[in-house]
Structures are given as structure tokens and as C-alpha cells.
Amino acid sequence: MEIGVVLLIVFAVLMIIGVPIAVSLAFSAIVTVFVTDSFAITAIIHRMIGSTNSYTLLAIPFFILAAKLMNTGSITKRIFRAAAAWVGHIPGGLGHANIVASIIFSGMSGSAVADAGGLGQVEIQAMKDEGFDPEFSAAVTAASATVGPIIPPSVPMVVYGMMAEVSVGALFMGGFIPGLILGLATMILVYIIAKKRNYPKHAFSFREVVVSTKSAFLSLLTPVIIIGGIWGGIFSPTEAAVVAVGYSFILSVIVYRELTLKDVWKEMKQTAVDSAAILFIIAGAAAFSWLVAMTGVTNNLAQFLTSMTDSKVVILLILNITFLILGMFMEALSVLTITVPFLIPLMGAYNIDPIHLGVVIVLNLMIGLVTPPVGTSLFICAKQAKISIESMYRAILPFLVPLIIVLFLITYVEELVLFLPGLLG
């Protein structure tokens, strides 16, 4: 246990003084091994290198690149226009289009930040132009972006699946129904607020539905190809990421002719930087979590919790509260890489399905992205709407209600997550 104490103290000190999470994880493991002389340093290095040598993790840079290619071209604008034609006549107008477009885009990018940063810019400007309050426009955009990593594909689910050694494809399918429920719950709130504030709506136009759908048709095929391919067993999640890049490239460069090869190269270089940062975190977390496991901390924690309660309901409540708090202050992938090793013995002790828990945890962390004080999506949307972060904090509060209701719904009604994975075997 002495090794575990040294490890946690060094890690805590590094985090407090502001050392980046990836460096804190790796350096704390290395320092602990040197100070305690408990293991060979080569074991730590082996864990760090081995953790990134993963076929599953190849999905991350490809999904990131696919999202960048779609955001750079007019794919997001075409999707939003079609969504506005479909649901713009409902009270709340473009607020509903915002959510529907995010659901569609989530089937392409797998990232809440990509949704908020790319599609969100189009959505917020369109809503402001039609007379919606900038605070409301930003809040709807931030809330709808949480759907991104819930509906497949999902970068956080790739990381969870790798860390917990469970099927990424099953995780993707497990998030599909919760993602749709999340979108519906947010639309209900938008409807209520829109009626109260008398926000504008569009007159329904069948002609606009046909024209906009035709314009966006090839873009709308992207999530169908990705999800359908995984669902039908045609390709794996990693292969789906490659297909997403290829299809986005064809649309943006060849069909729509909006990107040049120079633009693509620029996005590829930025993707490499973003992917390297993620893999650095995973490498550091691998060393940290291995050392934690070797010291028996994870098993001791599981024994401590089982001695306190044998109720699965209570332990799920504790986990929800814990991950909601962690998501408020830490980046989602960092939380996953640090905590998943602690969860593995708990899942066995309380008979918790790892697919179910994975989707619940990811939703917790996505809610963290829109929860003050450090919600990344809040800062992105506030900047795009040109409002103060304090105004953004006030505007987002009502939207946390449906998000948390859906969180607890999928927590205690497991079949909402497990139905599709079970159906597909």
C-alpha cells in the first residue's frame, strides 16, 4: 500500500501545481518506481508503449479527421438546412433543428467538442439571425452537442472499450437509444421555453423539405453508412472511422469541390496534433493504472465499497455523482483513462454490465462538458454567441434538467442501453 500512497501523493501534487494531465500520470508512475524501487522502470515504459499499440485506438485519429473535413466544408450547413425544413415549423423552430442536426452530426464525428465548435457556429448564427436570444441559442447548442459521443461513433467509447476490454461495437450500439431519448428530452424543453417566450418558427414548406433533403442527401448518408456498416457487421468500428474519412474526403473534395488538397493536408496535420495529445494521455494513464492495480488499490477500493453497501442501486448512484463531479473539472478522456481500472473489480462485485456502465459514464462526462465551472462546450458556445461566460452559465441551467433525468433513466433501466447490443448479439 506504501507504493500506492506515494503514487497518489505525487500525482496530486503535480495536478495541483498545474502540470498537464498526461505528464502528471506518466511522471508520477516513474517517480514512484524510482523512489520505492518496487518495479523495473522498463515495466513502466513497456506499459506506456504497449497501451498505444492498439488497433482499436486507430479509430480516434480517423474520427477526428472525418469531423474536421465535414466541419470545413458545407456538409454541416446542408445538414442544418435540412433539419430546419423538417422540424422548423414546431414551436421553437431552429432550436429543434439545432438538436436534430446534432443528432445527425453525432453519427459522423463522435465528439461533443467537434459538434459545438463546427456545427454549433452555423446553428448559433442562424438562430440569432431569426431573433432567438444569443444566450438561448448558445445553451441549446451546448446541450445538443452532448449527444455527439452518445450516438455512435464515439471517441470516448473507443477509449473506454480499450481500457475495459469490452466490445467497442457493442458500446456504440448501446448508446444509440439513449442518444435519441436525450435529443427528444431536450426538444421537449425547447418547446416549453419557446411557447413561453414566443420564439419564432418556420411555416412548413414541402418544397423546402424536398430541396434541402436533396441538397443534403449525400451528407445524410454518412451516419447511415457508418452505423449501418457496424450494425450489419460489414466493418469494425475502426474500419468505420476509415470509411468516414474516405467518404468525407469524396464529398468535400470531389463532389462538392469545397476543399483543396492543401486544405485536407492542413486538417491532417491538426488531426495528428490532436491525436498525439490523446494518445499521450492514454500512455501516461496506462502506466499509472497498471501501478495502481499492482499495488492492490483497486481491489481494496472494491472491498471497501462492498463492505459499506451491497446495493447495486446505491453504488450506481455513487458512481453517477462521482463522474458528474469529475466531468465538471476534468477532460473526459483523462477521467476515463484514470478511473476505468478502478471500475473493473466493482463491475464484478456488483454484477454491473460493462457495456451499460460505459454508456452511463460517457453520458456523465458529456454532461460535465456543459456544467459550470469548467465545461469546455460552454466556453466554445459562449465565444461563438459573443456572450459572457456568466450569461452562458445561467442559460445552460434549465438544460441540465433533461440531461440528468435521462442519465438516471438509463442508469436504472438497463434495457435502454443493452437492448440493441443484445439484439445484435
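The following refers to the structure shown. (Residues numbered from 1 in each chain as written. Predicted model: local features only at pLDDT ≥ 70, side-chain atom pairs only at ≥ 80, totals over all residues. Heavy atoms only, no water.)

A word on the pattern of salt bridges
Working step 1: Applying the stated rule across the entire model yields 5 salt bridges.
Working step 2: The shortest N-O distance in the salt bridge between Arg197 and Asp133 comes to 4.0 Å. Pair noted here: Arg197 is in helix 11 (residues 176-197) and Asp133 is in the loop between helix 7 (112-129) and helix 8 (134-145), with a separation of 64 residues, a long-range link.
Working step 3: For Asp133, a relative accessible area of 33% translates into the label partly exposed. (Salt bridge = Lys/Arg side-chain N within 4 Å of Asp/Glu carboxyl O. Helix = DSSP H or I, 4+ residues; strand = E, 2+ residues; numbered from the N terminus. Buried < 20%, exposed > 50% of the residue type's maximum accessible area, 1.4 Å probe, protein only.)

A short note on unusual backbone geometry
Working step 1: Looking along the chain, the bond that leaves Pro152 and enters Pro153 is cis, with omega of 0°.
Working step 2: Within the secondary structure layout, Pro153 lies in the loop between helix 8 and helix 9 (155-164).
Working step 3: Here the bond from Pro372 into Pro373 is cis, since omega is 10°, no more than 30 degrees from zero.
Working step 4: On the secondary structure map, Pro373 appears in the loop between helix 18 (354-368) and helix 19 (376-385).
Working step 5: Phi at Glu165 is positive, roughly 60°, even though this residue is not glycine.
Working step 6: Considering the arrangement of structural elements, one finds Glu165 in the loop between helix 9 and helix 10 (168-174).
Working step 7: Non-glycine residue Asn351 carries a positive phi angle of around 55°.
Working step 8: Tracing the chain through its elements places Asn351 in the loop between helix 17 (332-350) and helix 18.

Remarks on the environment of Met173
Working step 1: Checked against the element boundaries, Met173 lands in helix 10.
Working step 2: Under the relative-accessibility criterion, Met173 is labelled buried at 4%.
Working step 3: Taking the C-alpha atoms as reference, Met173 lies 8.7 Å from Ile230; in sequence the two are 57 residues apart.

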